[in-house]
Amino acid sequence: MYRFRLFLLLGALLFKGGSSAHAQSNQVYAFAGGNTILPCILKTPASADIPTVEWSKVVEGLQPAIVYLYRHGCETFAMKDPDFEYRTSLILRELQNGNFSLRISNVKLSDSGMYQCMIIQNNGTKEETKVELVVGSSSEPKLSVVSADGDGVTVECEALCWMPAPQMTILDDDGNRLTDEEPKQEQDPRGCYNTRQNVTLQNPVSRVVCRVDQQQRNQSKMADILLPDFWKKYYVISIILQVAVTVSALVVSLSFWLYKKHSNTSKLSFFPKIHCCLAPCSHCPILLSACLQVSPDRSQFFRYDSISLTCEDPLNSTGWKVKRRTPDSGVRPCSSGWGSASSGSTCIIGNTYPTDTGVYWCESDRGERSDEVNITITDRAVILESPAMPVSEGAAVVLYCKAQTNHSQLKYNFFKDARIIRSNCSGEMTILRASRSDEGLYTCSASGLGESEGSWLTVLGDGNDQQIQLAPLPVPSSAPPTASVSFTASRLLCHLIVGIPYLLSTILLGLIYRDRKRAARIFAEKRKNLDVFMERIV
């Protein structure tokens, strides 16, 4: 039956006449991934020997690419286009009948184009036949639920790599169109058309069907998806989840506010608020948390300098670690690829490199942190020596401009916020009484050596503008630990208030999952005699 149809097709393509001086053009349709036959029939009587047959793909402006060459009784591979390797052949049993049609297997989208069949007989007579191959493509449409909320259930149908461009229709179980909007189509570099369409269902629908049609090929593919009859219940559950999340966020905020308020009331508020690192820590009347001391006391260093970082806390000298955050390594404690831990809470960086540039601080095992210090390691010839920590208002501040190599004849300039404030000086600049107006980004330069990196000078005033909290003094052993008990109870209450909404949300999600499985099983039993997926090719 197949051979009868094939020769019926080929016979319809023939035309009356003798030796061809003009190429005849036909058109053949094929699908990507399948097989196809390009017809070529010898129209004049053949000689005793089978002639030379050359199949080539014609590209305008280029030399035809040979896709199959038959001569001397066999195929010649030397001139064959590599893209058609092992994919083209003749029907050998039909050669004696003058049938030199070309079979192409595993058709690609790039195979589309004009092909030429040239038959050269032994007496020199040539016959040419041109066949246009049009390659189409199709895939199984996919239908899925993309969202389900209070606005409705949104389903999406997607059909990838169709050619020519198809038409997409989304229907309900009764065959009614669910939307009149045109689907979105995009053409990819291969020439395929990707088609997508979304539909939001406002009313209950038990089944949605997506149909993709290609009228030029009379082809249609369909996919469907089942929706439970009680899908509206999910809207209620989704609203409950949204309310639960909102309540949880409010509870978390309230708990954090209560915790901060409780923490603030437990501090010793009758001491003046001071910054413990404005001076060496031993001078602090009371210490809230550890201070990070930098030695030498500056924020800029040359390559190969050594730095000593110490966490000073009179109440707990061993419970602090130096940590840093750099662009290359992220957050790491001392002795984890950088620095070496010394006695107590000291970290020493010997032979510094620019990769050591970053933010440094002290951190306890309980997560308490000191103020951060920015340290810069530079390859520039000049650095600005400025205090690593903030200075107090009214204190004297000395800035030094230092060259990597000592030159007595060098002249130095100082800049604040990119404006020169001191020029042709000896490399030292003193601010007698620091004030808030002295805050800013300071740099310096040396004649012939360039400019330093910038360092930010922070001036802290006395009073309420110093946002440093004081830690409570040790409570005598004879005093009842009421604050500790109250703090523990309040923390436990906060955990309970925060955890209960999340527990309820987890239970609701479990109920949703159970109902979805039950709905799928019910509809599968109702439709077990129906086809879920349908495909029709005419």
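Note that the structure is predicted; figures quoted are calculated from it, not measured.

Student: How should the nonpolar core be read in this particular structure?
Tutor: Considering soluble globular proteins, one finds that nonpolar side chains tend to be buried as a cluster. Grouped together as the largest cluster of nonpolar side chains are 27 residues, with contacts concentrated most on Leu38, Trp55, Leu102, Tyr115 and Leu133. For this core, the secondary-structure elements that each account for two or more residues are β1 (24-31), β3 (52-58), β4 (65-71), β7 (102-104), β8 (113-120) and β9 (126-136). Excluding its chain neighbours within four sequence positions, the residues that come into contact with Leu133 are Val28, Ala30, Thr36, Leu38, Ile104, Asp111, Ser112, Gly113 and Tyr115. Within the second largest apolar cluster, 20 residues are counted, among which are Leu292, Leu309, Ile375 and Ile377.

Student: Any chance you could explain the pattern of salt bridges here in plain terms?
Tutor: It is possible for side chains bearing opposite charge to pair when their charged atoms get close. Evaluated as defined, the whole model comprises 18 salt bridges. The closest approach of N and O atoms between Glu75 and Lys80, which form a salt bridge, is 3.1 Å. Lys80 shares its class with Glu75; the two are buried. A salt bridge links Lys108 to Asp83, with the shortest nitrogen-to-oxygen separation between them at 3.1 Å. On the criterion of sequence distance, the pair formed by Lys108 in the loop between β7 and β8 and Asp83 in the loop between β5 (74-75) and β6 (88-90) is long-range, its members being 25 residues apart. The structure contains a network of salt bridges with shared partners spanning Arg298, Asp305, Glu385 and Lys402.

Student: Explain the state of the cysteines here, please?
Tutor: Such a bond, covalent and formed between the sulfur atoms of two cysteines, is termed a disulfide. Evaluated as defined, the whole model comprises six disulfides. Paired by a disulfide, Cys40 and Cys117 hold their sulfur atoms 2.0 Å apart. Between Cys40 and Cys117, the disulfide has an S-S torsion of -70 degrees and is therefore left-handed. One end of the pair, Cys40, is in the loop between β2 (36-38) and β3; the other, Cys117, is in strand β8, and 77 residues separate them in sequence. Taken individually, Cys40 and Cys117 each receive the classification buried, so the pair is uniform in this respect. Residue pairing for Cys157: its cysteine sulfur links by disulfide to Cys210, the two sulfurs lying 1.8 Å apart. Handedness here is read from the sign of the S-S torsion; for Cys157 and Cys210, about -80 degrees, the answer is left-handed.

Student: How should the confidence of the model for the protein chain be read in this particular structure?
Tutor: Should pLDDT be low for a region, the predicted coordinates there are not to be read in detail. Residues of the protein chain with pLDDT of at least 70 account for 72%, and the chain-wide mean is 75. In the model, residues 278-287 has pLDDT below 50 throughout and makes 26 contacts with residues more than four positions away in sequence or in other chains. Contacts of residues 463-487 to residues separated by more than four positions or lying in other chains number 36 contacts, the stretch itself having pLDDT below 50.

Scoring rules and cut-offs
- Residue indices follow the written sequence of each chain, beginning from 1 at its first position.
- Side-chain atom pairs in this predicted model are given and counted only at pLDDT of 80 or more, local residue features only at pLDDT of at least 70, and totals for whole chains, interfaces and linings cover all residues.
- With hydrogens and water excluded, all non-hydrogen atoms of the structure serve as input to the side-chain values.
- To define a nonpolar core, start from buried Ala, Val, Leu, Ile, Met, Phe, Trp, Tyr and Cys residues and group those joined through side-chain atoms within 4.5 Å.
- For every residue, the accessible area (1.4 Å probe, protein chains only) is compared with the maximum for its type, and the residue is labelled buried under 20%, exposed over 50%, or partly exposed between those bounds.
- A run of H or I in DSSP counts as a helix once it spans at least four residues, and a run of E counts as a strand once it spans at least two, with each numbered from the N terminus.
- The contact rule is simple, with two residues in contact once any of their heavy atoms fall within 4.5 Å.
- Within this document, salt bridges are pairs made up of a side-chain nitrogen of Lys or Arg and a carboxyl oxygen of Asp or Glu, the two lying within 4 Å of each other.
- By definition, disulfides here are pairs of cysteine sulfur atoms that lie within 2.5 Å.
- Per residue, pLDDT captures the predictor's confidence, and it can take any value from 0 to 100.

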